[in-house]
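Letter by letter, the chains look like this.
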Amino acid sequence: MGRRAVEERMKVAVVKEHFPGARRVALVPAGVAPLLKGGHEVLVEAGAGDAAGFPDESYRQAGARIVSRDDAFAAECLLTVRTAGAAGDAWEADRARLRDRQIVIGTCDPLGDPAACREAAERGATLFALELVPRITRAQSMDVLSSQANIAGYRAVLAAAVHLPRILPMMTTAAGTVTPAKVLVLGAGVAGLQAIATAKRLGAQVSAYDVRPAVKEQVQSLGAKFVELPLDTGGGEGAGGYARAMGEEFYARQRELLGRGVADQDIVICTALIPGQRSPLLVTRDAVAKMRPGSVIVDLAAERGGNCEATVAGQTLLVDGVMVLGPTNLPAVVPCHTSQLYSRNIGTFLAHLLAIGLPEVQLDDEICRETLVARGGRLVHPKIRERAGLAPLESRAGGPPGDDRP
């Protein structure tokens, strides 16, 4: 679809994040110029970029205007890192500020918390969830899940290395040879592959497991061993290349088989996630107890219940001599670069929407259609409506506008 001859000029605001531990910002100063070039005004809430290393002055120099939170929420379009269900306790105050037809773009946890998205709809907001960007070639530059998971996988290995009471690489010295640490990565998505690459660069002996046989070649290309279990994994890959939920009988057998290999590891990095669902349990408490004292588990799935039975979200615990880390916002630990990557993602996404007619939405465009969660007082995304217990919109063609009763 071609660019319109004249884009509607808008005020685009970047708001400060209030989620606990939040340090990222949705748009960095380098992302201001393209919007100004398009004739839009850019507003940045005071202090929005401070924690990421981008002071207000850097935004002023880029051409943005520094404003209060009230003024930022008065803009036609809001750019956020976390909103709706992804914003936690901060959502209640933010929700009250939303206005009819206001455009909100950010991560929303739409599959995990459809109720919050419905609340945004009730305020009349037009809500776009960046987690739902389709995995197609032309949308790769908008994929916030991949850009943030990439950094999370890297940081997970560094966190494990710091807590491990031994070094990762093999070293030959006059005093003898130190054997390399053994690292097992569970889940070979974006975070898992980066964890593999990082552990290999640090000199560890790395193996990886994934329910999707198709990733075996990617794991091996990074120099790691692909762990194959005697399980039928033919249905392990769902839409968009994500892992698909399997039956409990499958998971029970998988836990049993993985437990034998986990005991021999120095570090286990857990990254297995299923969109919108509880993380699959892969490492039992019994398996943790069989690991060597001083071993480390970093569970990147902690926010969704964890892949390890001993994980407690947001905490670092010593369990039977094993250090179990449950980070819930790891990309925020390195906010400068994660903000830069996120800014490119959201900036490219917004540029695409503007090119096809924002503030009007174009449902014949796949990127717009698949990310649009709420519009005109209703939840409009079929999957989110289903999660919220609402009937498909098609069945209510004759119903009154905004009638979203279950």
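Preceding this section is the structure that the text describes.
Because the structure is a prediction, the values reported are computed rather than measured.

## Section: the overall build of the protein
- Assigned secondary structure in the protein consists of 13 helices and 17 strands.
- Seen through its C-alpha atoms, the protein measures out along the principal axes to roughly 70 × 50 × 40 Å.
- For the protein, the residues scored as buried account for 51% of the 406 residues in total.
- Of the contacts made within the protein by residues no fewer than 6 positions apart, 68% connect residues no fewer than 24 positions apart.

## Section: the packing of helix α6 (residues 144–163) against helix α7 (residues 190–201)
- Two elements in contact, α6 and α7, have axes whose closest approach is 7 Å; the angle formed by their N-to-C orientations is 35°. The way α6 lies across α7 gives a crossing that is right-handed. Residue-level contacts link Ser-146, Ala-149, Asn-150, Gly-153, Tyr-154, Val-157 and Leu-158 of α6 to Val-190, Ala-191, Gln-194, Ala-195, Thr-198, Ala-199 and Arg-201 of α7.
- Counted by class, the contact of α6 with α7 contains 8 nonpolar, 5 polar and 1 charged residues.

## Here's the deal with the pairing of strand β4 (residues 77–82)
- Among the 6 residues in β4, 6 count as buried, and that is most of the element.
- Bridge count between strand β1 (residues 11–14) and β4: 3 bridges; the pairing is parallel. When the sheet's bridge partners are listed, Ala-13 is paired in β4 with Leu-78.
- Sheet analysis places β4 next to strand β5 (residues 103–107), joined by 4 bridges and oriented parallel. Along β5, the bridge assignment pairs Leu-78 with Val-104.
- At this point the chain moves from β4, through helix α4 (residues 91–97), to the parallel β5, and the crossover so formed is right-handed.

## What to know about the packing of aromatic side chains
- Across all of its chains, the model carries 2 aromatic pairs by this definition.
- Relative to Tyr-251, the ring of Phe-250 has its centre 5.8 Å away and its plane inclined at 75°; by these criteria the two rings are edge-to-face. Each member of the pair, Phe-250 together with Tyr-251, is buried.
- One residue, Arg-82, lies across the ring of Phe-19, its end atom 3.9 Å from the ring centre.
- Lying across the ring of Phe-73, Arg-97 places its NZ or CZ 5.6 Å from the centre.

## Side note on the side chain of Ser-279
- When you line up the elements, Ser-279 lands in the loop between β12 (267–270) and α10 (285–289).
- Aside from chain neighbours lying at most four places away, what touches Ser-279 is Ala-272, Leu-273, Ala-301, Arg-304, Gly-305, Gly-306 and Asn-307.

## Considering the nonpolar core
- Among the nonpolar cores identified, the biggest contains 40 residues, and Leu-79, Ile-105, Phe-128, Phe-349 and Leu-350 are the most heavily contacted of them.
- Residue assignment for this core shows that the elements contributing at least two residues are β1, α1 (32–37), β2 (41–45), β4, β5, α11 (335–355) and α12 (366–371).
- Contact partners of Ile-105, with chain neighbours within four places excluded, come to Cys-77, Leu-78, Leu-79, Thr-80, Phe-128, Leu-130, Ile-346, Phe-349, Leu-350 and Leu-353.

## Some points on the pattern of salt bridges
- Per the stated rule, a full pass over the model turns up 22 salt bridges.
- Residue Asp-70 is joined to Arg-97 by a salt bridge in which the shortest nitrogen-to-oxygen separation is 2.3 Å. Here Asp-70, found in helix α3 (residues 69–72), pairs with Arg-97, found in helix α4; they are 27 residues apart in sequence, far enough to count as distant.
- With its nearest N and O atoms 3.3 Å apart, the salt bridge here joins Arg-260 to Glu-256. Separated by 4 residues within a single helix, Arg-260 and Glu-256 lie in helix α9 (residues 248–262), roughly one turn from each other.
- For Arg-260, a relative accessible area of 56% corresponds to the exposed category.
- Via salt bridges that share partners, Arg-166, Lys-182, Asp-264, Asp-266 and Arg-292 belong to a single interconnected network.

## Let's talk about α6
- Between the first and last C-alpha of α6 there are 29 Å, a value that for 20 residues agrees with the 28 Å anticipated at 1.5 Å per step.
- What α6 keeps buried is the set Val-144, Ser-146, Ser-147, Gln-148, Ile-151, Ala-152, Gly-153, Ala-156, Val-157 and Ala-160.
- Contacts from the buried residues of α6 go to β5, α7, β12, β13 (296–299) and α11.
- Between the side-chain oxygen of the N-cap and the backbone nitrogen of Leu-145 there are 3.3 Å, and the N-cap of α6 in question is Asp-143.

## Here we look at the sheet that holds β4
- Taken together, 8 strands build an open sheet; the order of strands is β3-β2-β1-β4-β5-β6-β16-β17 and the sheet is mixed. What marks the edges here is a single partner per strand, and that holds for β3 (65–67) and β17 (378–379).

## Notes on the packing of α6 against α11
- Relative orientation of the contacting elements α6 and α11 amounts to 170°, with a least axis distance of 9 Å. In terms of orientation, α6 lies roughly antiparallel with respect to α11. Side by side, α6 and α11 meet where Val-144, Ser-147, Gln-148 and Ile-151 of the first sit next to Thr-338, Leu-341, Tyr-342 and Asn-345 of the second.
- A per-class count over the contact of α6 with α11 returns 4 nonpolar, 4 polar and no charged.

## Some details on the side chain of Ser-146
- Tracing the backbone through its elements, the reader meets Ser-146 in helix α6.
- Accessibility expressed as a relative area gives 18% for Ser-146, which makes it buried.
- There is a polar contact of 2.6 Å between the side chain of Ser-146 and the side chain of Asp-143.
- Beyond its immediate chain neighbours, meaning those up to four positions away, Ser-146 contacts Arg-135 and Val-190.

## Digging into the sheet that holds β12
- Spatial strand order, β11-β10-β9-β12-β13-β15-β14: 7 strands in an open sheet with mixed pairing. The open sheet has two edge strands with one neighbour each: β11 (225–226) and β14 (316–319).
- Of the strand pairs in this sheet, β14 and strand β15 (residues 322–325) are connected by 4 bridges, and their pairing is antiparallel. When the bridges of β15 are listed, Thr-316 appears paired with Leu-325.
- Across the face of the sheet, α6 comes into contact with β12, β13, β14 and β15 while running at roughly 150° to β12.

What counts and how
Residues numbered from 1 in each chain as written. Predicted model: local features only at pLDDT ≥ 70, side-chain atom pairs only at ≥ 80, totals over all residues. Heavy atoms only, no water. Helix = DSSP H or I, 4+ residues; strand = E, 2+ residues; numbered from the N terminus. Buried < 20%, exposed > 50% of the residue type's maximum accessible area, 1.4 Å probe, protein only. Contact = heavy atoms within 4.5 Å. Axes fitted to C-alpha atoms, helices over the stretch in contact; angles between N-to-C directions. Left-handed = near helix turned anticlockwise from the far one by under 90°. Nonpolar A, V, L, I, M, F, W, Y, C, P; charged D, E, K, R; others polar. Pairing = 2+ DSSP bridges. Right-handed = clockwise from strand over helix to strand, strands pointing away. Phe/Tyr/Trp six-rings, centres within 6.5 Å; stacked < 30°, edge-to-face > 60°. Lys NZ or Arg CZ within 6 Å of the ring centre and 35° of its normal. Core = buried A, V, L, I, M, F, W, Y, C linked by side-chain atoms within 4.5 Å. Salt bridge = Lys/Arg side-chain N within 4 Å of Asp/Glu carboxyl O. Expected span 1.5 Å × (residues − 1). Polar contact = N/O pair within 3.5 Å; in protein donor to acceptor, adjacent residues only side chain to side chain. Parallel < 35°, antiparallel > 145°, perpendicular 65-115°, else oblique.

Honestly, it's all geometry; don't read function into it.
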